[in-house]
Amino acid sequence: MTVQLNHTIINATDRAATADFLVSILGLPEPAEFGPFLVVQTDNGVSLDVMRATGEFTRQHYAFLVEEDEFDTIFGRIREGEVPYWAGPRHSGAGEINTNDGGRGVYFDDPDGHVLEILTRPYGSGGS
C-alpha cells in the first residue's frame, strides 16, 4: 500500500451551504451524511468531510487537479454563478486565470473564505 490522502475536514459555519457549493461548482455527487459530517466524495477517492464549526477557524486552501475539459466546465459554473476568481492565491489578478507550467489555474473562495483552486497541471510539472 502507498500513502494516500483519504479525507480531510473542512470547517464551515453552514455545512450544507459549503457542501452544496462544492457539489455544484465542482460537479461532484450529492454529499452523504456521516455523523457530524456532510461527506463530499472526489473522483480519486478523497472525501471532503464538511463539519459545522462552533467557533473561529482558520481558512484553508484546497486545490483540485482537473482535466482541460473539466476546467472549462467548472470555470463556466464559476462565471455563471458570478463567483469572484483570481489568477493568484492571495486574490491577485482579479478576473484572470493563470497559465503556470503550461496549464490553467484559477482561485476562488467558498462561502466561508476557504481558498479553492482548480488547475490542469501540477505546479512544477514543466511548461512556461
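Just so it is clear, the model here is predicted, and its values are computed rather than measured.

**Examining the environment of Glu30**
With respect to the helices, strands and loops of the structure, Glu30 is situated in the loop between helix H1 (15-26) and strand E2 (32-34). Sequence separation between Glu30 and Asp20 is ten residues; the distance between their C-alpha atoms is 7.7 Å.

**A few points about unusual backbone geometry**
Its identity as a non-glycine residue notwithstanding, Glu82 has a phi of 55°, on the positive side. With respect to the helices and strands, the residue Glu82 is situated in the loop between helix H2 (68-80) and strand E6 (85-86). Phi at Asp101 takes a positive value of approximately 55°, unusual for a residue other than glycine. Within the secondary structure layout, Asp101 lies in the loop between E6 and strand E7 (105-109).

Procedures and definitions
- Residues numbered from 1 in each chain as written.
- Predicted model: local features only at pLDDT ≥ 70, side-chain atom pairs only at ≥ 80, totals over all residues.
- Heavy atoms only, no water.
- Helix = DSSP H or I, 4+ residues; strand = E, 2+ residues; numbered from the N terminus.

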